[in-house]
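Understanding the architecture of this molecule
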Amino acid sequence: GEPKQGGILRMYHRDSPANASILEGATYSVNVPFMGVFNNLVIYDQHIAQNSPDTLRPELAESWSWSGDNKKLTFKLRQGVKWHDGKPFTSADVKCTFDLLMGKSQQKLRQNPRKAWYSEVDDVTPNGDFEISFNLKRPQPSLLAMLASGYTPIYPCHVSPADMRTHPIGTGPYKFVEFKANESIKLTRNPDYWKKGLPYLDGIEYTIIPNRSTAILAFVAGKFDMTFPTHITIPLLKDIKSQAPNAVCVVEPTNVSTNIIVNSSSPPFDNIDIRRAMSLALDRKAFVDILFEGQADIGGTMLPPPQGIWGMPKDKLQTIPGYGPDVNANREEAKKLMQKAGYGPDKHLAVKISTRNLAEYRDPAVILIDQLKSIYIDGELDVVETANWFPKVARKDYMLGLNLTGNSVDDPDQSFYENYSCGSERNYTNYCNKEIEKLFDVQSQEIDTNKRKQLVWDIDKKLQEDVARPIIFHARAGTCWQPYVKGITIMSNSSYNGFRYEDVWLDK
Amino acid sequence: MTKALLEVTDLKKHYPVRAGVLRRQVGTVHSVDGVSFSLDAGETLGLVGESGCGKSTVARSVLRLVEPTSGQIRLDGEDITHLSKTALRPHRRAMQIVFQDPFASLNPRMTAGDIVGEPIAVHGLATGQALEARVAKLFEQVGLRPDQMRNFPHQFSGGQRQRICIARALALEPRLIVCDEPVSALDVSIQAQVINLLIDLQKQHGFSYLFIAHDLAVVAHISHRVAVMYLGRIVEIADKDELFRNPRHPYTQALLASVPSANPLAKKLAPLVDGDVPSPVNPPPGCAFHTRCRFAMERCKTERPVLMGDGHQVACLLNEGTGRPAQLP
Amino acid sequence: MFAYLVRRLFLMLVTLFGISIVIFFLLRIVPGNIVDILFAAAGYVDPADKVDLEKQLGIDQPLVVQYLHWIGGLLHGDLGYSYVSEKPALQEILPRIPITARLAGLALLFSASIGIPLGVISAVKQGSRIDYALRVMSLSGLSLPSFWLGLLVLTASVAMFGQMPIFNPNPQSFGEAFATYCIPAMVVGFRSSALTMRITRSSMLEVLRQDYIRTARAKGASDAAVNYHHALKNAILPVITVIGIEAAFLIGGLIVTETVFNIPGVARFLVEAIRWRDYPIVQNLVMFIAVVVVFANFIVDMLYAVFDPRIRYTD
Amino acid sequence: MAAIDFDVELRRAGAHATGGWRRVLFLAQRHVLGAAGLTIMTVFVLTAVFADFIARYDPLSVDAAHALARPSWAHWMGTDSFGRDVFSRIIHGARISLAVGIGSTALGGTIGVIVGLTSGYLSGWVDLVFQRVSDVLQALPLLVLALIMTAALGPSLPNVILAIAIPLVPTVSRVTRANTLALREQPFVEAAKSIGMSEVRIALRHVLPNTLAPLIVLATAQLGSTILTEASLSFLGLGIPEPYPSWGRMLSESAAEYVRTAPWLVIFPGIAISLAVFGANLFGDALRDILDPRQRG
Amino acid sequence: MADTSDLVLEVKNLKTVFFTNSGLFKAVDDVSFTVKRGETLAIVGESGCGKSVTALSLMRLVPDPPGRIVGGSVALEGTDLLALSEAEMRKIRGNRISMIFQEPMTSLNPVIRIGDQIVEAVRLHRNLSTREANDIAVEMLRLVRIPEPARRAREYPHQLSGGMRQRAMIAMALACRPALLIADEPTTALDVTIQAQILALILDLQKELGTGLVLITHDLGVVAQTAQRVIVMYAGRKVEEASVESLFAAPKHPYTRGLMASIPAVPAPGVAAQERLNEIPGTVPSLVRLPKGCAFAPRCKLAVKRCEAEYPPLTDWGGGHLAACWRAADVAEVA
Ligand SMILES: Nc1ncnc2c1ncn2[C@@H]1O[C@H](COP(=O)(O)OP(=O)(O)OP(=O)(O)O)[C@@H](O)[C@H]1O
Ligand SMILES: Nc1ncnc2c1ncn2[C@@H]1O[C@H](COP(=O)(O)OP(=O)(O)OP(=O)(O)O)[C@@H](O)[C@H]1O
Ligand SMILES: [Mg+2]
Ligand SMILES: [Mg+2]
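Residues numbered from 1 in each chain as written. Chains lettered and ligands numbered in written order. Predicted model: local features only at pLDDT ≥ 70, side-chain atom pairs only at ≥ 80, totals over all residues. Heavy atoms only, no water.

Before going further, it helps to spend a moment on the overall build of chain D. Counting secondary structure elements, chain D contains 12 helices and 0 strands. Each principal axis of the C-alpha distribution contributes one length, and for chain D these read about 75 × 65 × 35 Å. Buried positions account for 59% of the 297 residues belonging to chain D. Residue pairs at least 24 apart in sequence account for 67% of intrachain contacts in chain D once pairs closer than 6 positions are excluded. As presented, chain D carries roughly 11500 Å² of accessible surface, and 68% of it is formed by carbon and sulfur atoms. Charge separation in chain D, taken as the distance between the mean sites of 22 positive and 20 negative side-chain charges, equals 5 Å. (Helix = DSSP H or I, 4+ residues; strand = E, 2+ residues; numbered from the N terminus. Buried < 20%, exposed > 50% of the residue type's maximum accessible area, 1.4 Å probe, protein only. Contact = heavy atoms within 4.5 Å. Areas by Shrake-Rupley, 256 points an atom, 1.4 Å probe, with all protein chains shown as cover. Lys, Arg positive; Asp, Glu negative; His and termini not counted. Charge placed at Lys NZ, Arg CZ, Asp CG, Glu CD.)

Here it is in structure tokens:
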């Protein structure tokens, strides 16, 4: 029916975000509640599940255009937009935002996790109040993908980054009211929103409930209109369905891959044979069956199709060692490799598998250990507190690590450069292959999407064959809402987008 | 005159009473407040007095189980008041103690044999078979069967337990045994057994007893000399016969009069004193007994009498100089 | 009495001082700090940023300096700023206190009002069926993990009423207020009522053996008078101590219960703060808990004096 | 006056129960609950010791094909989401719980006894310092302290044991100290002094053995509470980590996800924990009654 | 026992046992005695011979379990106490029959004011206002010669010395002017000088109120100075009963005789002290494994075969001097 005005959308939040500043955040815990406070220059269409170059929509920018050499991207900005504190929005704000992100401004973000996204951007120059250009070092068509991410809101120039952490000001449909750590987050309708008539809701309230069972019980009991997005595991989904049969639930990939980081700089995994054997021994289907009751995807680095845009097609995928359907054959081969390396039924290889102390990490690790048993590897789980995990990984103080890699946009540039380029901070394994690195640049500059796909598939395949960072699976998760909640779309290839909620309404 | 085995001179033991923020001392328990006496070899000195007058404190101080505040304790002429723990160890063999409560005096988790053998083992006097034999002999000496060595204290009766205590005290062949009310907790029929045992042992070994009791009759029976204590001081000390025949201190007299006679025809109970024993924290000035004394004079409230006399010593102003007993009206 | 109070206060300060040292240094030997955690979320560590941030938060300074800074601030009522929310720590802690206090108070009340009478009954009827039943009941209470009990209550209430007693900061009706505080308080109190009952029982049994109970009977006093007037008056003393100690234990129990019932009190906040290594919050919160516990002990001692005339804190 | 059956009364009082076994049997009859507790504890200990023989599956072995199987003949208590046999996990979990319970109680107890004995025996400033330290430890609720400790040490079996043990120290040391102070005044200790025994020897030979009874009672009670503490820590994400089949984690994790869909995952670990704690407490209670002579009727 | 109307208490064949895990304790075995108005009856015997249990049986306060009165009758002013219901008995306790216990330190409730404890005793049996009862309490405290009774009434037991507490106990016991007062070792825990004061006080009050008194003690000296008649108990049985004079002049039971001989005497002027005391060999037998015959036989110098086989009946040896001994006639000769 026709959207109705009014009502407060009540959701629970899975945990208390560190602060309210999306630019500094690196988890969708910040992203979800505060995306509605802001606007981007461009954004993926919030009602199309798959984020793709075809679904880019203007937002604070009215339009954009590339220069002939594809090295300059110019945006025409919307006029008459006001910040929540009443100040007008201009190109200066955009410049400020990107200077901040590129680390060029006086004021600094406390953390700047996505600085690398703009490594090809030379500078950002305003032309008058309502036009702005990004000058690139080389063509990078996927820059738009980054700009359209939920992680790229435009910040006001006149509010300091520190204030943005505690009281964010944006141009978006909802105004920030309060954020009580561990308790609640409240947003209220922005009556002066530049999109006339929006938003429909009077506000959004998040109650922070870290204990999953309590949260879900509360949803079932009708205390909430919606669960935290992509927070419901597959087993729990059944539970919700059985208790609240009317609830609408969707399951989508989160574009988070579960992978193994291998410390190839010290024994035993400096031996490529053992690395190969390990990747051959993986029974990916078993992981998916156990953890997702079959509802997760097997793929390479890029999220597999159809939800993923860049993932390898199935037939190509199966040509990669270890991805073949015959697990036993793979394991036989793996055993041979192990024997070659000097291990066998009488001489097992003892391995420590480190991972974070969170169920999403621990559970696959438990299965991994079980599977490695079949190729003479005795795994022992080493559970690490969150605070110590990255320092430990950075010190290379591990043999195998079970890791989750979240891709904030479904784009190879983000994924490849971040995780596989030599010297990248997030390339935990220090995998470094100069030839592949050249290919990264080639695909990045390719304008033609189809050609680029071919390039990406080849790269992806090569990465898997190198056992750079064996991907086990791409997770999926569920989101549920009460039937009267309308206008929600869960993105199918990104869990960092789709929370603007400006045209969500309650049919009550 | 032979040198005394034990000589106690002006022994004082004060316990601080602390209070206040800094646990400053605000008062003193004058548990023992200047006690002097001597004890010859083979002699028994009885010590009587009411509860809390400091008898046990004297006993413990003599054995250096508590550190005296001041004064001197000489054993065989040697001053042991300030000896270090190690220096004291050889002297420990010379003096032993038997306590009142035969139940609490024995470690419930050790066998009787172990208890009696422990002193011997500690001083390394014997081990193994030899130790066993010595313990068996001690058992026989105190009238216990050697086969009872393997029993635990709770398997013995009160009198038997006290015998174990005595055997333990004898183990080191001491010359002085301090008996702190050794029979108070026992039944009369058993009490007689223990007293007889103590007397017999003294005859055999010739050691000295410092014998503490609150029962005058018992003290009278076993002692050669008797000292009467009141609130931390000795008020009268004399040969037994002299003391009982001729008590001079009003307190001694009251004490004697309070003992009910086992003769129904003798005089009926006639308490000679009123009221309770004052607290040793703030003992009355002057003569500590003046608050209950029927003969109290004005002087008694301020002047503190000292032990005077030859042989029969009394600390009472009434007696001063006269050498005569306090007069009953 | 006054001197005693001053002395007690002095000892309490010594204890609190000790706690401040323990908690301060314990926290610092915990590997990883807020900076690590912030970067962990980002999935990488930029060493330069890290140094900057550490400097900004002052955790690059020598520990002693940090400690003195903290204590100095504490004495001026300045608890510092939360690393996470960047708000004044006081502002974060203060509003949560009444919630936990109410919960703890109700739990104690529940525990005492159930535990003491049942304990008395069980002692008086020692060896009877009622005694056995009560003892088994109380022991089962002690054997249930409290989060499990909490979840059961929640699950059952959703299953039975389609409703759940989740925390409501502004209860509108009595029913809501009841659900908000009483149900969680009962879950916490259930366990401690079992403890209270046990201690009441054994304390009563002890007292019932005393000579003065026989004296009371010899006077011709009735069973009720003997049990409640003569015995309970004496038996209540150890019970008070245990309830006092329970007050400290309650905070432990509340951590779990606040988590299960999603109550934004200090106990759960503490866990979160520990997880985030939010030193200013953890330190100050632990100090606050310690102050409460130390004071609870103090109150218990005072109550002792009220109930037991033999105890007069005169020294 | 009603006729009194002397035999029945005497039997009730346990007069026939002389000598070892009959006495034990009598005590078991007299303290039915305690006997039940002891039985539970014994079963629990035997289970832990012989876990390898009792368990029918490898508790860590994952089996995708049989995930979340209902209790059946093949899997008596069903399987968990990994297809691991719950029965085998519970059997092996007894080892963990026992390790946590006995480990932390023994560790905390030993340290507590040493501290309490030293403190009570030496008095003076040593005592003062120990007293203040235990004040400090006692002012922090057990769970809070354990929480910070596990956070500090990281979640591993030894660390969890240590984290639970440390908060026990003040309780044990207080009890020991109080007993020591009382025993020091006992004539048998004075007698030991008077024969020239060294203080250390007195402490070990005369004082310590006589403080053991209350400590044993305390320990049995603590045993239960340590198991519960571990469960709570697990619930808060700081308990014994995978792959050890800790009851606490089995319960707390499945309680979140499977209460309704796979209740056996919740029921059996829950029963295991409660039963173990219950048994320890029952036994501890009876032990106290038996060891405390004043309780004897 | 001519004038039965004068009898306050008549105990017949009282039997009290304890069922314990080491067996059946016949704590009181077939004990009979009477107490007349104003008379003092002393019960003596060594520890564990059943004195306190006898007293508690009279009050019907034997702890059950493990204790039980299994036979006999206790008639107080003609009423059989053992036949009364518990509620009826409560009306009598503290009213017609009162008891003072051995331990003044622990027998008063530490958390209730002295005055209030007496008030309670009064108000349980007399319909009085608190105020009136209060006055009586203060009056009683004055009667037992506690200085400043009004102030002391407002104090707690710990604020009083041992002697004063025992006085307060006496005041409480006598508050309702009972017909019978049982004093179970009322002075054992006190110093000799205080003991003398308390005993004198009890006797004074007894005379004043005409109360019958059962005085339990192990001190023969106390018996000699206070009682008119004496019962000697050994291992739960009455072994001898006589007037004080008769008993001390010529005990008929070897146990009594041994007891007297084993007590050291304060040396009187001119009397030479004996070197050794006469001791009774052996120990008191356990109440569980009592021999079939005379319980004293194993320790008795006079024991003959018959003593071990047959329990001697209580026999009157003239002038109401009862003794349970086969060889009572020979006792005088031996020692
Ligand atoms: N350790 C101590 N600290 C403080 N005061 C003490 C200590 N030991 C004894 N006193 C006090 O010293 C006084 C004398 O005590 P002591 O035990 O020597 O008396 P006693 O004559 O043996 O009494 P009793 O006949 O009751 O055994 C008492 O008032 C007692 O309270
Ligand atoms: N509660 C009880 N349980 C078991 N046996 C008891 C109990 N009370 C008394 N007895 C037994 O009854 C016997 C008589 O005890 P009672 O207290 O009457 O002795 P007593 O003559 O008063 O001794 P004392 O002089 O020590 O007070 C004792 O041998 C004791 O073992
Ligand atoms: Mg003494
Ligand atoms: Mg008695």
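Following the structure, the description resumes.
So, on to the site of ligand 2. Residues and elements named next belong to chain E. Near ligand 2 there are 16 residues, and of these Ser47, Gly48, Lys51, Ser52 and Val53 occur at the shortest range. The separation between an oxygen atom of ligand 2 and a polar main-chain atom of Val53 is 2.8 Å. At 3.1 Å from an oxygen atom of ligand 2 is found a side-chain nitrogen or oxygen belonging to Glu185. Calculation on ligand 2 without its partners gives an accessible area of 630 Å², and the protein chains cover 70% of this total. At the level of elements, β1 (7-20), β2 (23-36) and α1 (51-59) are the ones that each hand at least two residues to the shell around ligand 2. When its residues are assigned to classes, the shell around ligand 2 shows 8 nonpolar, 5 polar and 3 charged. (Near = heavy atom within 4 Å. Polar contact = N/O pair within 3.5 Å; in protein donor to acceptor, adjacent residues only side chain to side chain. Nonpolar A, V, L, I, M, F, W, Y, C, P; charged D, E, K, R; others polar.)

Before going further, it helps to examine the site of ligand 1. Residues and elements named next belong to chain B. The full set close to ligand 1 counts 13 residues, and Ser31, Ser51, Gly52, Ser56 and Thr57 are the nearest of them. Between ligand 1 and the protein, one listed contact pairs an oxygen atom with a backbone N or O atom of Cys53 at 3.3 Å. Gly54 is positioned such that a nitrogen or oxygen atom in its backbone is 3.0 Å from an oxygen atom of ligand 1. In isolation ligand 1 exposes 640 Å². Once the protein is present, 63% of that is buried. Breaking the shell around ligand 1 down by element, the ones donating at least two residues are β2 (24-39) and α1 (55-62). For the shell around ligand 1, the leading source of residues is α1, giving 3 residues.

Moving on: the pattern of salt bridges. In this structure the tally under the stated criterion is 69 salt bridges over all chains. Note that Arg299 of chain B and Glu303 of chain B form a salt bridge whose closest N and O atoms lie 3.1 Å from each other. Several salt bridges converge on common partners, so that one network encompasses Glu24, Arg110 and Arg165 of chain A together with Glu86 of chain C. (Salt bridge = Lys/Arg side-chain N within 4 Å of Asp/Glu carboxyl O.)

Taken residue by residue, the interface counts 46 residues in chain B and 46 residues in chain E. Note on chain B versus chain E: buried area summed over both sides is about 3500 Å², and carbon and sulfur give 60% of it. At the boundary of chain B and chain E, one finds 0 salt bridges. At the level of secondary structure, the elements contributing two or more residues to the side of chain B that touches chain E comprise α6 (188-205), α7 (216-222), α8 (240-245) and α9 (250-258) of chain B. Ranked by the residues each element gives to the side of chain B that touches chain E, the list is headed by α6 of chain B, at 11 residues. Here the side of chain B that touches chain E is composed, by residue class, of 23 nonpolar, 12 polar and 11 charged. (Buried area = accessible area lost by both parts, 1.4 Å probe.)

Such coordinate-based values are descriptive only and should not be taken to indicate function.
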